[in-house]
Amino acid sequence: MTMPRGIMSGNRTRLLAVVCVGIMAIFIVRLFYLQVIDHETYVSLANQEQLKRLVIPAARGEIYAMDAETPVKLVLNETVYTVFVDPQVVTKPKEVIETIRSVAGGNARDDLEKLVGKKDSRYQIVATKVTRKQAELTKKHKLAGLGFQATSQRVYPEAQLAAQTLGFVNAEDKGQYGVEGYLNDRLTGEDGVLQSVTDVSNVPLTIGRHNINQPAKNGDNIVLTIDRNIQSYTEKALADGLARTGATNGSAIIMDPQTGKILAMANLPTYQPAEFTKVTDAEAFNNGVVTRPYEAGSVFKTFTVSTGLDTGVIQPNSTYVNTDSIKVEDRVISNAARGHTGTITIQDALNYSLNTGMVTIAQRLGDGSQITKGARDTIYRYYHDKFGLGELTGVEVSGESAGRVISPEEEGGNAVQYATMVFGQGLDVTMVQVAAGFSAMVNGGTYYSPTVIGGVMDSNGTLKPAPIKPAREGIITQDTSTKLRQMTHEARQLFPPGDRPGYYIGGKTGTSQTLDANGKYRFDQTIGTYLGFGGSEESSKYVIMVQVSGKNMNLEGNIHAKPIFTDISNWMLDYMKLQPKG
Amino acid sequence: MSYQRTTTYTRHQGNWNRNQNTVAFASAVKLGPVTHTVLVALMITVLGLIYLTQATRATGYDYEAQKIDTKIAELSSQKTDLEVENARLTALETVRNSTVAREMTSPAATDYVRE
């Protein structure tokens, strides 16, 4: 029995319709699953493929020094390239090697044949620190398998000038030592972010809903107070002085006493910041002016005299009987320079650097014969609280040391301790502390915190001065300041100093013993120091402190440090265009 | 003198309000549902094409912007190189060793201008 044709046709059509609907239903369910239920997974996969997140590196801030009134670049950034090869892609190894050797020169690796021939490797560095011009020349050869990776490096056009003040940037792009270390965060800036859909060539496209464009914030361009001409001459004068004396180490600082700005800081031995990896003794990285506290010796007598004058217990012509030694409790303190015995003035004591004179001042701060607790409190108040000795000055150079001035409240802060402190022993101070305190003594009595930051260079190339650090006014009276300047001027004239006539220069020598491993003073190793100011009778224009030392060497302030001071001082008079009087 | 009404009345006459059009033209062409569907599909297609054109144009601008960015980066790099070169040429050591500096002589005597 056969079905009628019409009925058969209707069943097939219905069957086909059911099958089609069934297939469509499968598609719909599958699409629903992919597009709705599993939506996030596929969006995420697509983003991974198309959405790129690129870091926009912030440029490290540059460092400027002053050239009189004009800022000049002392540290810059330069883009250099690391050249690498993919040995599996290289088709003309000989040509690659010849090109790299001829273009990169000394920056190419020695074993190029070996590196290019490593067929089991995909990445071999063949040259480093290649300049942009060299990279462009290499690219012109269109050699397969060669790649370039741009990096930024610090450039020091003035070579080793102010090396310890600047510091350097290590392989991890982190500032080390000096200003680079202290102001690393400000100099680094903040990297930006570019998140965007990109094409196959990594070109960012504006399509997409998750694009982010956060520009990089470049580091601050710091302008130092360091004057490159003064710095250069100071380094030269110090090197000449060391060559003359045979000393192996030397440091110098020059400050503007009217502002606290540091104009130069020099330390020898030094190093080239661009070649910091070649330095064998890490001590060369330290800026000894701020990091190495020491017993300053007799230059410290200016602080004691200043304290005595300001409290009114002495005048320059006040007298005492000098017997070349003085007893403090169970100890006898003697003069280094003997023979100026009898009734002499405090001015004489300063001229001949007599320890007995300073102990006498300390006793007069007490009851006249003892360095009482009250006397010690007064001395500590002047040294520590007013002149800022034994505490961080806040100078913007990494690794500053606070030093130590023992308080009368401490166990060791007794009369004997203070009897030695008043002539520069038994306390540790840095040169920057001493120079800053002395600046206050010769500027009329205002303590300015020492600084190396003059300001910031904005994007238009305009210098924005740094905010002025708070000053401590009136730490000593104007009268004390004037008298101290006169006294140090007279002390300097005692031995023919070689100053230019018509100027008002003052200073004080210092020769300090060093301590051995057991904490005992050595007589065969002394540090020579000179501390002074220059300018006119009306105003001090600069303060200079010089220190020379050497292993197993007896170096004296008057013989070894003073000539360096004089050299720099005479040059400063010309450089600052100061007109002589008379 | 007499006035004559000029307004043409249609089948709406007697049911019009102020500011309403009082003339209506009925088209002789009648569009069926298929035509409407095709027209809507065409409009959607045109709109899609417009969107695609604009999107492509925007992407084209991206490539232009990328070229300009690359050029800026290149010029900036050249500027940096020149600044480095300038700093090296004006460095104290370079100036000190220059021919001009080497040919300078020290004055026999110096004096100051008195005011």
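What you are looking at is a predicted structure, and each value in this text was computed from that prediction instead of being measured. (Residues numbered from 1 in each chain as written. Chains lettered and ligands numbered in written order. Predicted model: local features only at pLDDT ≥ 70, side-chain atom pairs only at ≥ 80, totals over all residues. Heavy atoms only, no water.)

Asker: Give a description of the overall build of chain A that names residues and reports values.
Answerer: Secondary structure summary: chain A contains 18 helices and 22 strands in total. Projected onto its principal axes, the C-alpha coordinates of chain A cover approximately 155 × 55 × 50 Å. Counting the 582 residues in chain A, one finds 51% classified as buried. Restricting the contact set of chain A to residue pairs at least 6 apart, pairs at least 24 apart contribute 70%. Within the structure as shown, chain A displays about 27400 Å² of accessible surface, and the carbon and sulfur contribution to it stands at 53%. Across chain A, the centroid of the 58 positively charged side chains sits 8 Å from that of the 59 negatively charged ones. (Helix = DSSP H or I, 4+ residues; strand = E, 2+ residues; numbered from the N terminus. Buried < 20%, exposed > 50% of the residue type's maximum accessible area, 1.4 Å probe, protein only. Contact = heavy atoms within 4.5 Å. Areas by Shrake-Rupley, 256 points an atom, 1.4 Å probe, with all protein chains shown as cover. Lys, Arg positive; Asp, Glu negative; His and termini not counted. Charge placed at Lys NZ, Arg CZ, Asp CG, Glu CD.)

Asker: Quick one: what's the story with the domain arrangement of chain A, residue by residue and with numbers?
Answerer: Residues and elements named next belong to chain A. Each assigned domain of chain A is listed here: domain 1 (61-157) and domain 2 (227-275 + 294-575). For domain 1 and domain 2, the distance between their C-alpha centroids amounts to 50 Å. Overall, the association of domain 1 and domain 2 removes approximately 710 Å² of surface from exposure, summing both partners, and the carbon and sulfur fraction of that is 64%. The largest per-residue losses of area from domain 1 upon contact with domain 2 belong to Met66, Asp67 and Tyr156, which jointly make up 50% of the total buried on that side. The interface formed by domain 1 and domain 2 holds one salt bridge in total. (Domains from an automatic or database assignment. Buried area = accessible area lost by both parts, 1.4 Å probe. Salt bridge = Lys/Arg side-chain N within 4 Å of Asp/Glu carboxyl O.)

Asker: Quick one: what's the story with a nonpolar patch on the surface, residue by residue and with numbers?
Answerer: Residues and elements named next belong to chain B. A contiguous nonpolar surface patch, about 570 Å² in accessible area, is contributed by Val29, Leu31, Val34, Val38, Leu39 and Leu42. By the secondary structure assignment, Val29 is in the segment before α1 (33-89). For Val29, a relative accessible area of 64% gives the class exposed. (Patch = residues over 30% accessible without salt bridge, like charges linked within 9 Å, V, L, I, M, F, W, Y side chains within 5 Å.)

Asker: Break down the nonpolar core for me, citing the residues and quoting the values.
Answerer: Residues and elements named next belong to chain A. Ile253, Ile262, Val305, Val359, Ile371, Tyr383 and Leu389 are the most contacted members of the largest nonpolar core, which totals 89 residues. Counting residues per element, this core draws most heavily on helix α16 (residues 431-442), which supplies nine residues. Both domains that furnish three or more residues to this core are identified here as domain 1 (61-157) and domain 2 (227-275 + 294-575). Ignoring anything within four residues of it in the chain, the contact list for Val305 reads Ile314, Ile346, Leu350, Met358, Ile361, Leu484 and Met487. Counting 27 residues, the second largest nonpolar core, distinct from the first, contains Ile254, Ala264, Ile544 and Phe565. (Core = buried A, V, L, I, M, F, W, Y, C linked by side-chain atoms within 4.5 Å.)

Asker: Please give an account of the interface of chain A and chain B that cites residues and values.
Answerer: Facing 24 residues of chain A, the contacting portion of chain B comprises 22 residues. Summing both sides of the interface, chain A and chain B together bury roughly 2000 Å²; the carbon and sulfur share of this comes to 49%. In terms of surface lost to chain B, no three residues of chain A exceed A:Arg132, A:Pro157 and A:Gln579, which account for 24% of the buried area on that side. Applying the counting criterion to the chain A and chain B interface returns three salt bridges.

Asker: Requested: an account of the side chain of B:Asp62, with residues and values cited.
Answerer: By secondary structure assignment, the location of B:Asp62 is in helix α1. Look at B:Asp62: it is buried, it has no salt bridge, and the nearest opposite charge is B:Arg57 at 12 Å. Setting aside its immediate chain neighbours within four residues, B:Asp62 contacts A:Val203, A:Pro204, A:Leu205, A:Thr206 and A:Ile207.

Asker: Would you mind going over the sheet that holds strand β21 (residues 521-535) of chain A in detail, with residue names and values included?
Answerer: Residues and elements named next belong to chain A. Spatially, five strands are ordered β13-β12-β22-β21-β20 in an open sheet, and the strand pairing comes out antiparallel. Of all strands in the sheet, those bounded by a partner on one side alone are β13 (262-268) and β20 (506-515). On average, each strand axis in the sheet is inclined to that of its neighbour by 10 degrees, with strand direction left out of account. For β20 and β21, the ladder comprises 10 bridges, and the chain directions are antiparallel. Directly across from Thr511, in β21, lies its bridge partner Gly528. Sheet contacts for helix α9 (residues 228-245): β12 (249-255), β13 and β22 (540-549); angle to β13, the most-contacted strand, approximately 30 degrees. Strand contacts of α16: β12, β13, β21 and β22, with the helix running at about 150 degrees to β22, the strand carrying the most contacts. (Pairing = 2+ DSSP bridges. Axes fitted to C-alpha atoms, helices over the stretch in contact; angles between N-to-C directions.)

Asker: Got a sec to walk through the pairing of β12(A)? Specific residues and values, please.
Answerer: Residues and elements named next belong to chain A. Of all seven residues making up β12, six are buried, and the element is well covered by its neighbours. Two elements, β12 and β22, share seven bridges in a ladder whose sense is antiparallel. Across the sheet, residue Gly250 finds its bridge partner in β22, namely Val548. Across six bridges, the pairing between β12 and β13 is antiparallel. Directly across from Met255, in β13, lies its bridge partner Ile262. Between β12 and β13, which pair antiparallel one after the other, the connecting turn spans six residues, and Gly260 there sits at a positive phi close to 85 degrees.

Asker: Summarise α9(A); cite the residues concerned and give the values.
Answerer: All names here are of chain A. Its 18 residues give α9 an end-to-end C-alpha distance of 25 Å, which sits within 8% of 26 Å, the value for a rise of 1.5 Å per residue. What α9 keeps buried is the set Arg228, Asn229, Ile230, Gln231, Ser232, Tyr233, Thr234, Glu235, Ala237, Leu238, Gly241 and Leu242. Its side-chain oxygen 2.8 Å from the backbone nitrogen of Asn229, Asp227 forms the N-cap of α9. Immediately beyond the C-terminal end of α9, within one or two residues, lies Gly246, with a positive phi of roughly 85 degrees. (Expected span 1.5 Å × (residues − 1). Polar contact = N/O pair within 3.5 Å; in protein donor to acceptor, adjacent residues only side chain to side chain.)

Asker: Can you break down α1(B) residue by residue, with the values?
Answerer: Given 3.6 residues to a turn, an α-helix orients residues that are three or four positions apart in the same direction. Helix length check: α1(B) (57 residues) gives 84 Å between terminal C-alpha atoms against 84 Å at 1.5 Å per residue, within 8%. The inward-facing, buried residues of α1(B) abut β3 (70-85), α5 (132-139), β5 (146-155) and β9 (204-205) of chain A.

Asker: Could you give an account of the pattern of salt bridges, naming the residues involved and the relevant values?
Answerer: Summed over the entire model, instances satisfying the criterion amount to 27 salt bridges over all chains. Here B:Glu93 and B:Arg96 are joined by a salt bridge, their closest N and O atoms 3.0 Å apart. You can see B:Glu93 and its partner B:Arg96 sitting in helix α2 (residues 92-96), three residues apart, about one turn around the helix. We classify B:Glu93 as partly exposed; its relative accessible area is 46%. Connected through salt bridges with shared partners, the residues A:Glu62, A:Lys73, B:Lys79 and B:Glu83 form a single ionic network.

Asker: So what about the packing of helix α11 (residues 301-311) of chain A against α16(A)? Which residues, and what values?
Answerer: All names here are of chain A. Here α11 crosses α16 at 35 degrees, and the two axes come no closer than 11 Å. You can see that α11 and α16 cross each other, and the crossing is left-handed. Contacts between α11 and α16 involve Thr302, Phe303 and Ser306 from the former and Val434, Gly437, Phe438 and Met441 from the latter. Looking at the contact of α11 with α16, its residues break down into four nonpolar, three polar and no charged. (Left-handed = near helix turned anticlockwise from the far one by under 90°. Nonpolar A, V, L, I, M, F, W, Y, C, P; charged D, E, K, R; others polar.)

Asker: Got a sec to walk through the environment of A:Lys386? Specific residues and values, please.
Answerer: All names here are of chain A. Note that Lys386 resides in helix α14 (residues 373-386). Along the sequence, Lys386 and Gly437 sit 51 residues apart, while their C-alpha atoms lie 8.1 Å from each other. With sequence-adjacent residues up to four places away left out, Lys386 is seen in contact with Asp310, Arg381, Tyr447, Arg472 and Ile475.

Asker: Give me the lowdown on unusual backbone geometry, citing residues and values where you can.
Answerer: Only a minority of non-glycine residues have a phi that is not negative, and only a minority of peptide bonds are not trans. All names here are of chain A. The amide bond that connects Leu268 to the next residue, Pro269, takes the cis arrangement and shows omega of 0 degrees. Along the chain, Pro269 turns up in the loop between β13 and α10 (288-291). Even without being glycine, Asp173 reaches a positive phi, approximately 60 degrees. In this structure, Asp173 sits in the loop between β6 (168-169) and β7 (175-176).

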